[in-house]
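# A look at the structure
If you want the building blocks of each chain, they are given just below.
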Amino acid sequence: MEPCRLSASDLACRRGERLLFVGLSLDLSPGEALEVRGANGTGKTSLLRMLAGLLRPYNGSVERKGDMAMLDQNLALDEHQPLGRALAFWQRLDGAPVGPSPDLGLDTLLDVPVRYLSTGQRKRAAIARLMSQRAPIWLLDEPLNGLDRDAVALVEALIGDHRAGGGIVVIASHQPIALRETQKLDLAEFAG
Ligand SMILES: Nc1ncnc2c1ncn2[C@@H]1O[C@H](COP(=O)(O)OP(=O)(O)OP(=O)(O)O)[C@@H](O)[C@H]1O
């Protein structure tokens, strides 16, 4: 995996007239993970979008070394294509082996149009897409939403493998996630 690093210094986030958080800094090296916590609307998604370079900080700066892949509520797969073809489109672009990981339980769904997938199946498909990107930095916004217990355990294992391979993971989640030795960041401590 290519070397990676993710850091942010003195970040502030403003949405409309509201200052959501201020003075937030972080620094992640290969193998490290950060869990971002906070009540609804405190800015978890906004922070991840800032780290991804999709939202400009109101103050402060982000430094990122290495490619980044983001998993959020938007499924970046063509809703009108069967799942297999929708995934293969990106896998060819990513230069990844075509076909989802057997562990994700998608094998029997490859003929199903993406728009017919259930909530948990959509999340599994998003994880397949995330993995095919083979980016060292993962930004995961509510990665466990809609997943059954087996799939939660699978995501926990995938995150462990990614870190063991030198990847960085940032997770915003309302649900408990079993990960070893993570940094924690509570947005309540940075409220603007
Ligand atoms: N484009 C925008 N313009 C103005 N305000 C916005 C915009 N996008 C989000 N917000 C506001 O910013 C605040 C933080 O949103 P964000 O999605 O980052 O919160 P969150 O902590 O991820 O919430 P949740 O736990 O509900 O997912 C919310 O009050 C939201 O309404």
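Rules used in this analysis
- Residues numbered from 1 in each chain as written.
- Predicted model: local features only at pLDDT ≥ 70, side-chain atom pairs only at ≥ 80, totals over all residues.
- Helix = DSSP H or I, 4+ residues; strand = E, 2+ residues; numbered from the N terminus.
- Buried ≥ 20, exposed ≤ 12 C-beta atoms within 10 Å, placed from the backbone.
- Contact = placed C-beta atoms within 7 Å.
- Expected span 1.5 Å × (residues − 1).
- Near = placed C-beta within 6 Å.
- Nonpolar A, V, L, I, M, F, W, Y, C, P; charged D, E, K, R; others polar.
- Axes fitted to C-alpha atoms, helices over the stretch in contact; angles between N-to-C directions.
- Parallel < 35°, antiparallel > 145°, perpendicular 65-115°, else oblique.
- Left-handed = near helix turned anticlockwise from the far one by under 90°.
- Pairing = 2+ DSSP bridges.

As recorded in an unreviewed UniProt entry, the chain goes by the name Heme ABC exporter ATP-binding protein CcmA, listed as coming from Aurantiacibacter aquimixticola.

## Digging into the overall build of the chain
On a plain count of helices and strands, the chain comes out with four helices and eight strands. The N-to-C order of helical and strand elements in the chain reads β-β-β-α-β-β-α-α-β-α-β-β. Taken over the C-alpha atoms alone, the chain extends approximately 50 × 35 × 30 Å along its principal axes. Split into buried and exposed, the 192 residues of the chain put 33% on the buried side. Counting contacts in the chain only where the partners sit at least 6 residues apart, residues at least 24 apart contribute 74% of the total.

## Some details on helix H3 (residues 119-133)
The end-to-end C-alpha distance of H3 is 22 Å, a good match for the 21 Å that 15 residues give at a rise of 1.5 Å each. For H3, the buried fraction is high: 12 of the 15 residues fall into the buried class. If you check which residues of H3 are buried, you get Gln121, Arg122, Lys123, Arg124, Ala125, Ala126, Ile127, Ala128, Arg129, Leu130, Met131 and Ser132. Those residues of H3 hidden inside the fold are in contact with strand E5 (68-71), helix H2 (83-94), strand E6 (137-141) and helix H4 (149-164).

## What about unusual backbone geometry?
Leaving glycine aside, a negative phi is the common case for residues, and trans is the common case for peptide bonds. Positive phi, close to 55°, is recorded for aspartate 10, a residue that is not glycine. In this structure, aspartate 10 sits in strand E1 (residues 5-15). With 12 C-beta atoms packed within 10 Å, aspartate 10 lands in the exposed category. You will see that arginine 134, though not glycine, has its phi angle at about 55°, which is positive. Taking the C-beta count within 10 Å as the criterion, arginine 134 has 14 such neighbours and is therefore assigned partly exposed.

## A word on the site of the ligand
Surrounding the ligand, one finds Arg15, Gly16, Leu20, Gly38, Asn40, Gly41, Thr42, Gly43, Lys44, Thr45 and Ser46. Taken together, the residues that form the shell around the ligand break down as one nonpolar, eight polar and two charged.

## Structural notes on the packing of H2 against H3
Here H2 crosses H3 at 15°, and the two axes come no closer than 9 Å. In terms of their interaxial angle, H2 and H3 are classed as roughly parallel. Relative to H3, the crossing made by H2 is right-handed. Contacts between H2 and H3 pair Leu83, Leu87, Trp90, Gln91 and Asp94 from the former with Ala125, Ala128, Arg129, Ser132 and Gln133 from the latter. Of the residues assigned to the contact of H2 with H3, the class counts are five nonpolar, three polar and two charged.

## Examining the sheet that holds strand E4 (residues 59-65)
Strand order across the open sheet formed by three strands is E2-E1-E4, with antiparallel pairing between neighbours. What marks the edges here is a single partner per strand, and that holds for strand E2 (18-28) and E4. Pairwise comparison of adjacent strand axes, ignoring direction, gives a mean angle of 20° for this sheet. Here E1 pairs with E2 via seven bridges, running antiparallel. If you follow leucine 6 over to E2, its bridge partner there is leucine 28. This element, helix H1 (residues 44-52), spans E1, E2 and E4 of the sheet and lies at about 130° to E1.

## Points about the sheet that holds strand E8 (residues 183-186)
Read across the sheet, five strands follow the order E5-E6-E7-E3-E8 without closing on themselves; strand pairing throughout is parallel. Of all the strands in the sheet, just E5 and E8 have a single pairing partner and so form its edges. Across this sheet, the average inter-strand angle for adjacent strands is 15°, counted without regard to direction. Direction of pairing for E6 relative to strand E7 (residues 168-172): parallel, over a ladder of five bridges. Bridged to leucine 140 within E7 is isoleucine 171. Sheet strands in contact with H3 are E5 and E6, and its direction is about 180° off that of E5. Contacts from H4 reach strand E3 (33-37), E6 and E7 within the one sheet, and its direction differs from that of E7 by about 145°.

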